[in-house]
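# Tertiary structure, described
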Amino acid sequence: MTRKRVAILISGRGSNMAALIEAAKAPDYPAEIALVLSNVPGAAGLARASEAGIATAAIDHKPFGRDREAFDRQLDAMLQEHRIDIVCLAGFLRVLGPQLVGRWNGRLINIHPSLLPAFKGLHTHERALAAGATQHGATVHFVVPDLDSGPIIEQASVPVLPGDTPDSLAARVLEVEHRIYPLALKRLAEGRI
Ligand code: GRF
């Protein structure tokens, strides 16, 4: 079995990244985590990835200012350099431009903390509570130029419980995120979607 080479893009703590790294330890998992890359040089997830023996890189977006395309080009070059087949966004807080997204079409996926198409964008847990939702959850989807709008690969729901706060709801959702992201990547790496 040739395992697909995966890059995980993060901006923060990287708990979904850690779930993917853990899943990829299984000998029959069809993907290996070849690179963890962040736009935030001090992101906690980078240290976590290094400890796991995974190559890491940081491309700080700040020096690029408004030149998003230049940032995307450098990112793309780094992905090529590491011979990456599939890119997983996991708490990556940068919007990628249409050119890069187009180049990686079908090989670029994201996890979003809501039952898409509900609650695209930020602050999903607060918004689900404010809307009185009784179910909430997480979605893994292909990335397309429109934010949080690509075809859905995996989805899982959790109940919203009386007395929930954004934090308690986020913690419940995060548990299912860690379960569905490895499943979605497996399906993609096996060519089953
Ligand atoms: C997760 O809730 C993910 O769905 C969202 O950002 C958060 C990242 O958390 N896109 P982590 O860095 O994976 O712990």
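Anything mentioned here points back to the structure above.
Here goes a summary of the coordinates provided.

Conventions and cut-offs
Residues numbered from 1 in each chain as written. Predicted model: local features only at pLDDT ≥ 70, side-chain atom pairs only at ≥ 80, totals over all residues. Heavy atoms only, no water. Buried < 20%, exposed > 50% of the residue type's maximum accessible area, 1.4 Å probe, protein only. Helix = DSSP H or I, 4+ residues; strand = E, 2+ residues; numbered from the N terminus. Pairing = 2+ DSSP bridges. Right-handed = clockwise from strand over helix to strand, strands pointing away. Near = heavy atom within 4 Å. Polar contact = N/O pair within 3.5 Å; in protein donor to acceptor, adjacent residues only side chain to side chain. Areas by Shrake-Rupley, 256 points an atom, 1.4 Å probe, with all protein chains shown as cover. Axes fitted to C-alpha atoms, helices over the stretch in contact; angles between N-to-C directions. Parallel < 35°, antiparallel > 145°, perpendicular 65-115°, else oblique. Left-handed = near helix turned anticlockwise from the far one by under 90°. Contact = heavy atoms within 4.5 Å. Nonpolar A, V, L, I, M, F, W, Y, C, P; charged D, E, K, R; others polar.

Residue alternation in strand E4 (residues 86–89) divides its side chains into two sets, Ile86 and Cys88 and Val87 and Leu89, and both sets are buried. Pairing between strand E1 (residues 4–10) and E4: four bridges, direction parallel. Within E4, the position partnered with Val6 by the bridge is Ile86. For E4 and strand E5 (residues 108–112), the ladder comprises three bridges, and the chain directions are parallel. Following the sheet pairing, Val87 is matched in E5 by Leu108. In this fold, the crossover linking E4 to E5 by way of helix H4 (residues 98–103) has right-handed handedness.

This next bit is on the site of the ligand. Lining the immediate environment of the ligand, one finds Arg13, Gly14, Ser15, Asn16, Gly91, Ile111, His112, Pro113 and Glu177. The side chain of Arg13 places a nitrogen or oxygen atom 2.4 Å from an oxygen atom of the ligand. A distance of 2.5 Å separates an oxygen atom of the ligand from a polar atom in the side chain of Ser15. Surface burial for the ligand is 83%, taken as the share of its 370 Å² of free accessible area covered by protein chains. Only helix H1 (15–23) and E5 provide two or more residues apiece to the shell around the ligand.

A few words now on the packing of H1 against helix H6 (residues 166–189). The contact between H1 and H6 brings their axes to 9 Å, and the two run at 45°. Taken together, the axes of H1 and H6 lie oblique to each other. Considering the relative orientation of H1 and H6, their crossing is right-handed. Of the residues in H6, those touching H1 at Ser15, Asn16, Ala19, Leu20 and Ala23 are Leu174, Glu177, His178, Tyr181, Pro182 and Leu185. Its residues placed into classes, the contact of H1 with H6 shows seven nonpolar, three polar and one charged.

A few words now on the environment of Arg172. Checked against the element boundaries, Arg172 lands in helix H6. For Arg172 and Val160, which are twelve residues apart along the polypeptide, the C-alpha to C-alpha distance reads 9.0 Å. Not counting the four nearest positions on each side in its chain, Arg172 is found in contact with Val158, Pro159, Val160, Leu161 and Asp164. For Arg172, the side chain forms a polar contact with the main-chain oxygen of Pro159, separated by 3.0 Å.

Running from N to C, H1 and helix H2 (residues 44–51) cross one another at 15°; their axes reach a closest spacing of 9 Å. By the criterion of interaxial angle, the relationship of H1 to H2 is roughly parallel. Classified by chirality, the crossing of H2 by H1 is right-handed. Counted together, Ser15, Met17, Ala18 and Ile21 of H1 and Gly45, Arg48 and Ala49 of H2 form the full contact between these two elements. Split by residue class, the contact of H1 with H2 holds four nonpolar, two polar and one charged.

For the rest of this paragraph, the subject is the sheet that holds strand E6 (residues 135–142). Ordered by their spatial adjacency, seven strands build an open sheet running E3-E2-E1-E4-E5-E6-E7, and the pairing between neighbours is mixed. Only two strands of the sheet have a single partner each, and these edge strands are strand E3 (56–58) and strand E7 (152–159). In this sheet, adjacent strand axes meet at a mean angle of 20° when their direction is disregarded. Bridge count between E6 and E7: seven bridges; the pairing is antiparallel. Bridged to Ala138 within E7 is Ala156. Contacts between H6 and the sheet are confined to E1, strand E2 (31–38), E4, E5, E6 and E7, with E7 contributing the most and set at about 155° to the helix.

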